[in-house]
Amino acid sequence: MLKTFDSRRNLFIANDTAEAIAFATEHWIHSAKQAIQQRGKFAVALSGGSTPKAIYQALSHEKDLDWTKVFLFWSDERSVPPDHPDSNYKMAMESFGKLPIPPHQIFRMKAEEHREQNAKDYEEKIRHHLGKHLFDLVMLGVGEDGHTASLFPNTEALHVEDRLVVPNYVEAHKTWRMTFTFPCINQSAKIAFYALGASKQTIIPQVLNAPIVSSYPASKIGTPEHPALWILDKAAASGISKSDP
Ligand code: 6PG
């Protein structure tokens, strides 16, 4: 079921996990084919998280897409090398398997060292390869504290308006991350949140009902020009009251 939540957010509520992942995978493939047809390439920003992993695994069987036109970026990364079990890059690449994406179109976000310089270089790569039209699709999750990408509550990156990518120190986890900024995400053509299961049922209505600027970073994602699509299952959506818009 697809419905409008407000002018900045739409919801798809699946009956169960399998239906949500099937819908998310179809949405990804449709976005890719549409971008390739219209602009000759598909630029997507991947995220970490359990649902994206299932989507990448489903995509690994997709034969009817011109994978040579796909450009992979990441919306955030942990400060670990690419072979570390916590690496979002490693998770995505292992889940995709042997898809024929040209290696020079795969842009790992290097967050483990020289973070300031690497953030600037990543922004430069985005601008060089994508120009003014940023991503065709940005994939996002939401944490139980309302973070998205590595935009965590009470962190510096929430205030950045003039950059696309920044390092972000997360005091709550005593760690560095690298992340897209709000302007980077909100300028992208399509934005999809994936949130499944009962562990998300409290945070989802809080994020959706909060004012744009709130203690939940995920509340600021989505604009009338580029609305965010929230792909949920019934368990995750069960806290959204019927009276919500
Ligand atoms: C990461 C993510 C992060 C994630 C949320 C939700 O690096 O882990 O980019 O923002 O999407 O924490 O993750 P789950 O969907 O696995 O709960």
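Okay, so let's go over this structure. (Residues numbered from 1 in each chain as written. Predicted model: local features only at pLDDT ≥ 70, side-chain atom pairs only at ≥ 80, totals over all residues. Heavy atoms only, no water.)

Glancing now at the sheet that holds strand E6 (residues 137-140). With mixed pairing, the seven strands of this open sheet are ordered in space as E1-E2-E10-E9-E6-E3-E4. This sheet does not close on itself; its edge strands, each paired only once, are strand E1 (2-6) and strand E4 (70-74). Taken over all neighbouring pairs, the strand axes of this sheet differ in orientation by 25° on average, direction set aside. Summarising the sheet, strand E3 (residues 42-46) and E4 pair through five bridges and their orientation is parallel. Its bridge partner lying in E4, alanine 45 is registered against phenylalanine 73. Running over the sheet, helix H1 (residues 17-39) touches strand E2 (9-14), E3, E4, E6, strand E9 (191-195) and strand E10 (228-233) and is turned about 155° from E10. Contacting E3 and E4, helix H4 (residues 115-130) runs over the sheet at an angle of about 155° to E4. (Pairing = 2+ DSSP bridges. Helix = DSSP H or I, 4+ residues; strand = E, 2+ residues; numbered from the N terminus. Axes fitted to C-alpha atoms, helices over the stretch in contact; angles between N-to-C directions. Contact = heavy atoms within 4.5 Å.)

Moving on, we come to the packing of aromatic side chains. In this structure the tally under the stated criterion is 13 aromatic pairs. With a centroid separation of 5.7 Å and an interplanar angle of 35°, the aromatic rings of tryptophan 28 and tryptophan 67 are classed as tilted. Of this pair, tryptophan 28 sits in helix H1 while tryptophan 67 sits in the loop between helix H2 (50-59) and E4, and the two are 39 residues apart along the sequence. The pair formed by tryptophan 28 and tryptophan 67 is uniform in burial state, with each residue classed as buried. (Phe/Tyr/Trp six-rings, centres within 6.5 Å; stacked < 30°, edge-to-face > 60°. Buried < 20%, exposed > 50% of the residue type's maximum accessible area, 1.4 Å probe, protein only.)

The next point concerns the packing of H2 against helix H3 (residues 88-96). Taken N-terminus to C-terminus, the directions of H2 and H3 make an angle of 30°; their axes are 7 Å apart at the nearest point. Between H2 and H3, the angle is such that the two are roughly parallel. Within the contact between the two elements, H2 uses Lys53, Tyr56, Gln57 and Leu59 and H3 uses Met91, Ala92, Ser95 and Phe96. Residue composition of the contact of H2 with H3, by class: five nonpolar, two polar and one charged. (Parallel < 35°, antiparallel > 145°, perpendicular 65-115°, else oblique. Nonpolar A, V, L, I, M, F, W, Y, C, P; charged D, E, K, R; others polar.)

Moving on: the site of the ligand. In the region of the ligand, the neighbouring residues are Gly48, Gly49, Ser50, Asp76, Arg78, Asn88, Gly141, Val142, His147, Ala149, Arg177 and Lys200. In this structure, histidine 147 approaches the ligand through a side-chain N or O atom, which is 2.9 Å from an oxygen atom. In the model, an oxygen atom of the ligand is placed 2.8 Å from a nitrogen or oxygen of the alanine 149 main chain. Protein chains shield 85% of the accessible area of the ligand, which is 420 Å² for the free molecule. At a threshold of 2 Å from the grid points, most atoms of the ligand map onto the largest pocket. (Near = heavy atom within 4 Å. Polar contact = N/O pair within 3.5 Å; in protein donor to acceptor, adjacent residues only side chain to side chain. Areas by Shrake-Rupley, 256 points an atom, 1.4 Å probe, with all protein chains shown as cover. 1 Å grid on protein atoms, 1.4 Å probe; cavity = no way out; pocket = protein on both sides within 12 Å on 5 of 7 lines; lining within 4 Å. Sits in = over half its atoms within 2 Å of the grid points.)

Turning our attention to the sheet that holds strand E5 (residues 76-78). Sheet architecture is open: three strands sit in the order E5-E8-E7, paired in antiparallel fashion. Across the chains shown, the open sheet's two edge strands, defined by having one partner strand only, are E5 and strand E7 (165-170). For this sheet, the mean inter-axis angle between neighbouring strands, taken without regard to orientation, is 25°. In this sheet, strand E8 (residues 175-180) lies alongside E5 in antiparallel orientation, the contact comprising three bridges. Its bridge partner lying in E8, arginine 78 is registered against arginine 177.

Turning to H1, a few remarks are in order. Over its 23 residues, H1 extends 32 Å from the first C-alpha to the last, a length consistent with the 33 Å expected when each residue adds 1.5 Å. Where H1 begins, the side chain of aspartate 16 points an oxygen toward the backbone nitrogen of alanine 18, at a separation of 3.4 Å. Positive backbone phi, approximately 85°, marks glycine 40, located one or two places after H1. (Expected span 1.5 Å × (residues − 1).)

What follows is about the nonpolar core. In this structure, Trp28, Ile126, Phe135, Phe180 and Trp230 are the most contacted members of the largest nonpolar core, which totals 81 residues. Looking at this core, the element that brings in the most residues is H1, giving eight residues. (Core = buried A, V, L, I, M, F, W, Y, C linked by side-chain atoms within 4.5 Å.)

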